[in-house]
Amino acid sequence: MSDGFDRAPEQTRPLRAPPSSQDNSPQQNSESTMAKPQVVAAPVLMSKLSVNAPEFYPSSYSSNYTESYEDGCEDYPTLSEYVQDFLNHLTEQPGSFETEIEQFAETLNGWVTTDDALQELVELIYQQATSIPNFSYMGARLCNYLSHHLTISPQSGNFRQLLLQRCRTEYEVKDQAAKGDEVTRKRFHAFVLFLGELYLNLEIKGTNGQVTRADILQVGLRELLNALFSNPMDDNLICAVKLLKLTGSVLEDAWKEKGKTDMEEVIQRIENVVLDANCSRDVKQMLLKLVELRSSNWGRVHATSTYREATPENDPNYFMNEPTFYTSDGVPFTAADPDYQEKYQELLEREDFFPDYEENGTDLSGAGDPYLDDIDDEMDPEIEEAYEKFCLESERKRKQ
């Protein structure tokens, strides 16, 4: 592979030859007994860059997918190679999902025509989503799109059904995996987080056109949490925290709609782990932060919550954003001062509150300035209305 640079021949400036002893005249020797150092010019290297050099690519970059993708799937001998190349491409450039997923699905519809091909497609996507940590979300989005756009629907099940069957295979060994060795647990954790992403992104359209989530995944996530908390090793607990941060608000809403108290049980389980388990201090801190997050409604703010006007009694930061005024003596005061009302009223009654002239006689009215003379003194109707509301609100607060 070319390094991206065309080498031009090096050109150097010839060195200046030192004068020979024959050139030195006796007169020069008599002028100074001290020999002057000879100055040698450094070589000047010409640039090796060329405008005709081929386009540069990092060594880790592969353009094979882009070139082959533009030509369709003809350059791929097998379905596996085509799909794996696309998955790797999405992993490196997730922003290309929106622009390329439609053509990818169309190509698959012309290629995936058998049960075995569909099974192979499901397995490739599942392995990518559970082996590459940053691909679980993209994998879930890809699964959702293909579940609605793949036309093949064999007797063994459509794409979504085969995907859920593949997840069930891993789900059935959850208890053994949660207490397995480090490699086994790491693979299990990747599956748990991918299932969480599937629950959030896999849309199921009902007969009436309504879009719902897969209830079976909701049940599965609850049991996976049980398996993780039943084996309170640090990495299991960290995985549970990640899962709840990802899906906690959605799960709690779904359980509340069904009248279930599962989230209360999960939080109680977490508190028991913090008290009893021999997990590290950092992990316990993570669990406590999660409980705190849930107590704040998972960080959500509802616009329908009861509005309570801030007062100095119920809001410690009530005066934080209040403006600062100055008396005629230059003494600053704010609304927090006990004699605020008296000082503020005195300020309003001052005749020179907005003087046209400064003390040094400078005219501030803009008279005689051709630029300021052209400014329209009238307010825009919307600005005027907003200003009036502001004045009324300020007056109402002042009288309270």
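Criteria and thresholds
- Residues numbered from 1 in each chain as written.
- Predicted model: local features only at pLDDT ≥ 70, side-chain atom pairs only at ≥ 80, totals over all residues.
- Heavy atoms only, no water.
- Helix = DSSP H or I, 4+ residues; strand = E, 2+ residues; numbered from the N terminus.
- Buried < 20%, exposed > 50% of the residue type's maximum accessible area, 1.4 Å probe, protein only.
- Contact = heavy atoms within 4.5 Å.
- Salt bridge = Lys/Arg side-chain N within 4 Å of Asp/Glu carboxyl O.
- Axes fitted to C-alpha atoms, helices over the stretch in contact; angles between N-to-C directions.
- Parallel < 35°, antiparallel > 145°, perpendicular 65-115°, else oblique.
- Left-handed = near helix turned anticlockwise from the far one by under 90°.
- Nonpolar A, V, L, I, M, F, W, Y, C, P; charged D, E, K, R; others polar.
- Expected span 1.5 Å × (residues − 1).
- Core = buried A, V, L, I, M, F, W, Y, C linked by side-chain atoms within 4.5 Å.
- Patch = residues over 30% accessible without salt bridge, like charges linked within 9 Å, V, L, I, M, F, W, Y side chains within 5 Å.
- Areas by Shrake-Rupley, 256 points an atom, 1.4 Å probe, with all protein chains shown as cover.
- Lys, Arg positive; Asp, Glu negative; His and termini not counted.
- Charge placed at Lys NZ, Arg CZ, Asp CG, Glu CD.
- pLDDT = per-residue confidence, 0-100.
- 1 Å grid on protein atoms, 1.4 Å probe; cavity = no way out; pocket = protein on both sides within 12 Å on 5 of 7 lines; lining within 4 Å.
- Points joined across faces, edges and corners; volume = space filled by probe spheres on them.
- Phe/Tyr/Trp six-rings, centres within 6.5 Å; stacked < 30°, edge-to-face > 60°.
- Lys NZ or Arg CZ within 6 Å of the ring centre and 35° of its normal.

Some words on the overall build of the protein chain
In step 1: If you tally the helices and strands in the protein chain, you get 16 helices and four strands.
In step 2: By the burial criterion, 31% of the 400 residues in the protein chain qualify as buried.
In step 3: Contacts spanning at least 24 positions in sequence make up 63% of the contacts within the protein chain whose residues lie at least 6 apart.

Quick look at the environment of threonine 212
In step 1: When you line up the elements, threonine 212 lands in strand 2 (residues 211–212).
In step 2: The class of threonine 212 is partly exposed, set by a relative accessible area of 38%.

With respect to the pattern of salt bridges
In step 1: Counted under the stated rule, the structure contains twelve salt bridges.
In step 2: In this structure, glutamate 252 engages lysine 256 in a salt bridge whose closest nitrogen and oxygen atoms are separated by 3.6 Å. Residue glutamate 252 and its partner lysine 256 are located together in helix 11 (residues 234–257), separated by four residues, close to a single helical turn.
In step 3: One salt bridge connects arginine 294 with glutamate 252, and the closest N-O pair in it is separated by 2.7 Å. One end of the pair, arginine 294, is in helix 13 (residues 281–295); the other, glutamate 252, is in helix 11, with 42 residues separating them in the sequence. By the burial criterion, arginine 294 is buried, and glutamate 252 matches it.
In step 4: Here the salt bridges do not stand alone but share partners, grouping Glu252, Lys256, Glu264 and Arg294 into one network.

So, the packing of helix 9 (residues 182–201) against helix 11
In step 1: Where helix 9 meets helix 11, the axes come as close as 10 Å, and the angle between the chain directions of the two elements is 15 degrees. Considering the angle they form, helix 9 stands roughly parallel to helix 11. For the element pair helix 9 and helix 11, the recorded crossing hand is left-handed. In this structure, helix 9 contributes Arg185, His189, Val192, Leu193, Gly196, Glu197, Tyr199 and Leu200 to the contact, and helix 11 contributes Asp235, Asn236, Cys239, Lys242, Leu243, Leu246, Thr247, Val250, Leu251 and Ala254.
In step 2: For the contact of helix 9 with helix 11, the per-class residue count stands at ten nonpolar, four polar and four charged.

Notes on helix 6 (residues 136–149)
In an α-helix, one turn spans 3.6 residues; hence positions three or four apart end up facing the same way.
In step 1: For helix 6, with 14 residues, the first-to-last C-alpha span of 20 Å sits near the 20 Å given by 1.5 Å per residue.
In step 2: Buried residues dominate helix 6, accounting for ten of its 14 residues.
In step 3: All buried positions along helix 6 are accounted for by Ser136, Met138, Gly139, Ala140, Leu142, Cys143, Asn144, Tyr145, Leu146 and Ser147.
In step 4: Contacts made by the buried residues of helix 6 are with helix 3 (79–92), helix 4 (97–111), helix 5 (115–131), helix 7 (159–171) and helix 9.

With respect to unusual backbone geometry
In step 1: Here the phi dihedral of asparagine 297 falls at roughly 60 degrees; this positive angle occurs in a residue that is not glycine.
In step 2: Along the chain, asparagine 297 turns up in the loop between helix 13 and strand 3 (325–326).
In step 3: Residue asparagine 297 is classed as partly exposed on the basis of its relative accessible area of 24%.
In step 4: A positive phi angle, near 60 degrees, is found at tryptophan 298, a position not held by glycine.

Section: the nonpolar core
In step 1: In this structure, Leu108, Leu121, Leu146, Phe159 and Ile270 are the most contacted members of the largest nonpolar core, which totals 76 residues.
In step 2: If one sorts the elements of this core by residue count, helix 11 sits on top with ten residues.
In step 3: When sequence neighbours within four positions are dropped, the list of residues in contact with phenylalanine 159 reads Leu118, Leu121, Val122, Ile125, Cys143, Leu146, Ser147 and Leu150.

Topic: a negative patch on the surface
In step 1: A surface patch of negative charge is lined by Asp380, Glu382, Glu384 and Glu388.
In step 2: Within the secondary structure layout, glutamate 382 lies in helix 16 (residues 381–399).
In step 3: Here glutamate 382 falls in the exposed class, since its relative accessible area comes to 64%.

Looking at the confidence of the model for the protein chain
In step 1: In this model, the protein chain carries a mean pLDDT of 77, and residues with pLDDT of at least 70 account for 62%.
In step 2: For the protein chain, per-element mean pLDDT is lowest for helix 1 (residues 26–31), which scores 45, and highest for helix 9, which scores 96.
In step 3: In this model residues 1–34 is a low-confidence stretch, pLDDT under 50, and it forms 31 contacts with partners more than four residues away in sequence or in other chains.
In step 4: Note that pLDDT drops below 50 for residues 357–366; the model gives that stretch ten contacts with residues more than four away or on any other chain.

Considering the layout of surface pockets
In step 1: Approximately 470 Å³ is the volume attributed to the second largest pocket.
In step 2: As for the second largest pocket, its lining consists of 20 residues, of which Thr130, Lys186, Arg187, His189 and Ala190 are closest to the centre.
In step 3: Those elements that place two or more of their residues in the lining of the second largest pocket are helix 5, helix 7, helix 9 and helix 11.
In step 4: Looking at which element gives the most residues to the lining of the second largest pocket, the answer is helix 9, with six residues.

Quick word on the packing of aromatic side chains
In step 1: Applying the stated criterion to the full structure yields six aromatic pairs.
In step 2: A ring pair is formed by tyrosine 76 and tyrosine 82, whose centres lie 5.2 Å apart and whose planes are at 70 degrees; its orientation type is edge-to-face. The same class applies to tyrosine 76 as to tyrosine 82, namely buried.
In step 3: An aromatic cluster of three or more residues is present, and its members are Tyr76, Tyr82, Phe86, Phe104 and Trp111.
In step 4: In this structure, lysine 174 is placed above the aromatic ring of tyrosine 171, and the distance from its NZ or CZ to the ring centre is 4.1 Å.
In step 5: Here the guanidinium or amino end of arginine 213 rests over the ring plane of tyrosine 199, the centre of that ring lying 5.8 Å away.

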